[in-house]
Amino acid sequence: MTAPQPISAPAPLKSLAGLSRGELGEALKTIGIEERAIKMRVEQVWHWIYHGGAKDFSEMRNIAKELREKLQQHFTLSRPEITTQQVSVDGTRKWLVALPADNIAQKSHLVECVYIPEEGRGTLCVSSQVGCTLNCSFCHTGTQRLVRNLTAQEIVAQLLIARDALDDWPSNDENRRVTNIVFMGMGEPLYNLDAVKTAIEVMSDGDGLSISRRRITVSTAGVVPKIAELGEETGAMLAISLHATTNPLRDKLVPLNKKYPIEELLEACRNYPGASNAKRITFEYVMLKDVNDTPADARRLVSLLKNIPAKINLIPFNPWPGAVYECSDWERIERFSEIVFDAGYASPVRTPRGRDILAACGQLKSETEKLGFRARQIDA
Ligand code: SAH
C-alpha cells in the first residue's frame, strides 16, 4: 500500500514586477535563458514592466511567442493585493497594501501608500518598513512593534500599484500623475537602506519608471551614520525629522536623538553629498501645542540651520487615539512661520491632505496590526 501523499498547494509563481535589473537577470537564468541572451532579455522585459506597465507577458510583443509562454509558465507580473482604496474629496488617495507574512501562521502584513495630487505634480508617499522601531512619542507608527523590513520589490510595487490605479502609464507620458516620491510612510528608511537604495535605482531608471532622483526624497529621524551613504549612493534628496531645537526635548520626541544628538545630525547634513541652494535639505517640524511651538523655538530653529542649505516644513500635528499631544493653535503656527519666513525661509505650513479619508487612520486594519500613518502635503 502506498502512503497517502501530503496535500500541498503548489508554490505561487514569482512575480517579476518590482525587481531590479540584477534580480531580473537572476530570475531569467533560472528558466534556462542562455547567459549571452540575458542582457537583451532583461532590457526587453524591463521596458515592458517599467515603461509600459505590462501586467501580462502576452503584451510583450517584441518577444517571441515561445519565450513569452515560458515566462508565463514560470512567473507572473502581479502586484501585491490592494485591500482598500480610499479617495478624498481633495483627490488624495490612500491604498492599503497586503504583503505576505513571514510564516503561514501570520496573516498578511498591511502597509499604506498615499498619493497626494498638487498643482503641476503628484507625490507618492511610500512605506519602507511594516511598523517601526524608533518610538517617536508623537508618532502612531512608533507605538507598534516592527514586523519587518520591506523588500526593494515591495517598495517599488507601491509605485506600480499607484500608477495602475491612476492609469498613469506609459512612463514617458507628458502628463504623468506621479512625479515625486517621498519615503515618509511607515518605517525608518535608513534602517532598511539596502532595499531603499535598490528601490531608488529601479524607480529612477530612465528606461523605466523615470522618476528623477531629485524628485525622490528620503526622510529620516536621524540615523547619522547612514546619511552620507544615502547621498553618495542614491543622489536622493534628504529630509530630516527635526521637531525640536534642544537635545532634552528632542530626546523625548525622537528618542533616537539620545544616540545621535542634534549637533551630530546637523553636521551630517552640512556634509550631505550634493546639498546646495538648488538642492536643499528639508527639515520637518511637527507643531505640538505648548511643546515646541514658541517664538523662542522658532528663533533657535533658524539659528541651528544657519549655513545649511535648508527648507523648513511646518507640519500640523495629526492626532491619533491615545496621543498625549495636541496640534498647536493656528496663531502659534502663524507666528512661528513668520519668524522662519523673516529669516529667509519659505516656510509653508503643510496643510494636512485627505483629512476625510485619514480620519479613520489605522482603523482599517485588524486590531493587532493597527498602524498609524500620516499624509500631508510634502514640499519635495
Ligand atoms: N522614519 C522617517 C519617515 C517616516 S515619518 C522619519 O522619521 O522621518 C514621516 C514624517 O511624519 C516624519 O517627519 C514624522 O516625524 C512625521 N509624523 C509622524 N507622526 C506624525 C503625526 N502624528 N503628525 C504629523 N506628523 C507626523
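As a reminder, the structure under discussion sits directly above these lines.
To start, this report covers the structure provided alongside it.

Some points on the sheet that holds strand β9 (residues 180-183)
Consideration 1: Read from one edge of the open sheet, 9 strands run β3-β4-β5-β6-β9-β10-β11-β12-β13, paired in mixed fashion. The open sheet has two edge strands with one neighbour each: β3 (81-87) and β13 (310-316). Adjacent strand axes in the sheet meet at a mean angle of 20°, parallel and antiparallel pairs treated alike.
Consideration 2: Relative to strand β4 (residues 93-99), β3 runs antiparallel, the two sharing 6 bridges. When the sheet's bridge partners are listed, Thr84 is paired in β4 with Leu96.

As for unusual backbone geometry
Peptide bonds are trans in most cases, and residues, glycine excluded, mostly fall at negative phi.
Consideration 1: In this chain, Trp169 is followed by Pro170 through a cis amide linkage whose omega measures -5°.
Consideration 2: With respect to the helices and strands, the residue Pro170 is situated in the loop between α4 (152-165) and β9.
Consideration 3: The backbone of Asn135 shows a phi angle near 55°, a positive value even though the residue is not glycine.
Consideration 4: Following the sequence through the fold, Asn135 ends up in the loop between β7 (129-130) and β8 (148-149).
Consideration 5: Within the chain, Ser210 stands out as a residue other than glycine whose phi angle is a positive 55°.
Consideration 6: In this structure, Ser210 sits in the loop between α5 (193-204) and β10 (216-220).
Consideration 7: Accessibility expressed as a relative area gives 23% for Ser210, which makes it partly exposed.

Looking at the packing of helix α9 (residues 295-304) against helix α10 (residues 330-342)
Consideration 1: Two elements in contact, α9 and α10, have axes whose closest approach is 9 Å; the angle formed by their N-to-C orientations is 30°. Relative to α10, α9 is oriented roughly parallel. Like other packed secondary-structure pairs, α9 and α10 cross with a definite hand, here right-handed. Residues Pro295, Asp297, Ala298, Arg299, Leu301 and Val302 of α9 form the contact with α10, whose participating residues are Arg335, Phe336, Ile339 and Val340.
Consideration 2: Of the residues contributing to the contact of α9 with α10, the split by class is 7 nonpolar, no polar and 3 charged.

Let's talk about the layout of surface pockets
Consideration 1: Quantified by volume, the largest pocket comes out at close to 580 Å³.
Consideration 2: Elements represented by at least two residues in the lining of the largest pocket include exactly β1 (14-15), β4 and α4.
Consideration 3: Counting residues per element, the lining of the largest pocket draws most heavily on α4, at 3 residues.
Consideration 4: Per-class residue counts for the lining of the largest pocket are 9 nonpolar, 6 polar and 4 charged.

Brief notes about the nonpolar core
Consideration 1: Grouped together as the largest cluster of nonpolar side chains are 107 residues, with contacts concentrated most on Leu16, Leu124, Phe138, Ile181 and Phe283.
Consideration 2: In terms of residues, this core owes the most to one element, helix α2 (residues 35-52), which gives 8 residues.
Consideration 3: Apart from residues no more than four positions distant in its own chain, Phe283 is found in contact with Ile240, Leu242, Leu266, Cys269, Leu305, Ile308, Ala310, Lys311, Ile312 and Asn313.
Consideration 4: By size, the runner-up hydrophobic cluster in this structure holds 6 residues, among which are Val114, Cys125, Val182 and Met184.

Focus: the state of the cysteines
Consideration 1: Scanning the entire structure with this criterion turns up 0 disulfides.
Consideration 2: No disulfide involves Cys125; its nearest neighbouring cysteine sulfur is the one of Cys113, lying 7.6 Å away.
Consideration 3: The thiol sulfur of Cys136 is not disulfide-bonded, and the nearest other cysteine sulfur, from Cys139, lies at 6.0 Å.
Consideration 4: Taking the relative accessible area as the measure of exposure, Cys136 reaches 12% and is therefore buried.

Remarks on the pairing of β9
Consideration 1: Burial along β9 is two-sided: the residues Asn180 and Val182 and Ile181 and Phe183 are all buried.
Consideration 2: The sheet contact formed by β9 and β10 spans 3 bridges and is parallel. Bridge pairing links Val182 to Thr217 in β10.
Consideration 3: Once you follow β9 into α5 and on to β10, the crossover reads as right-handed.

A word on the packing of aromatic side chains
Consideration 1: Tallied over the full model, the rule gives 3 aromatic pairs.
Consideration 2: For the ring pair Trp46 and Tyr50, a centre distance of 4.5 Å and an interplane angle of 65° mean the geometry is edge-to-face. Remark: Tyr50 and Trp46 occur in helix α2; sequence separation between them is 4 residues, near one turn of the helix.
Consideration 3: Residue Trp46 is classed as buried on the basis of its relative accessible area of 1%.
Consideration 4: Ring geometry for Phe317 against Tyr325: centres 6.3 Å apart, planes inclined by 80°, an arrangement best described as edge-to-face.
Consideration 5: Judged by its relative accessible area of 2%, Phe317 falls in the buried class.
Consideration 6: The ring of Trp46 has Arg21 lying over it, and the distance from NZ or CZ to the ring centre is 4.2 Å.

Cut-offs applied
- Residues numbered from 1 in each chain as written.
- Predicted model: local features only at pLDDT ≥ 70, side-chain atom pairs only at ≥ 80, totals over all residues.
- Heavy atoms only, no water.
- Pairing = 2+ DSSP bridges.
- Helix = DSSP H or I, 4+ residues; strand = E, 2+ residues; numbered from the N terminus.
- Axes fitted to C-alpha atoms, helices over the stretch in contact; angles between N-to-C directions.
- Buried < 20%, exposed > 50% of the residue type's maximum accessible area, 1.4 Å probe, protein only.
- Parallel < 35°, antiparallel > 145°, perpendicular 65-115°, else oblique.
- Left-handed = near helix turned anticlockwise from the far one by under 90°.
- Contact = heavy atoms within 4.5 Å.
- Nonpolar A, V, L, I, M, F, W, Y, C, P; charged D, E, K, R; others polar.
- 1 Å grid on protein atoms, 1.4 Å probe; cavity = no way out; pocket = protein on both sides within 12 Å on 5 of 7 lines; lining within 4 Å.
- Points joined across faces, edges and corners; volume = space filled by probe spheres on them.
- Core = buried A, V, L, I, M, F, W, Y, C linked by side-chain atoms within 4.5 Å.
- Disulfide = S-S within 2.5 Å.
- Right-handed = clockwise from strand over helix to strand, strands pointing away.
- Phe/Tyr/Trp six-rings, centres within 6.5 Å; stacked < 30°, edge-to-face > 60°.
- Lys NZ or Arg CZ within 6 Å of the ring centre and 35° of its normal.

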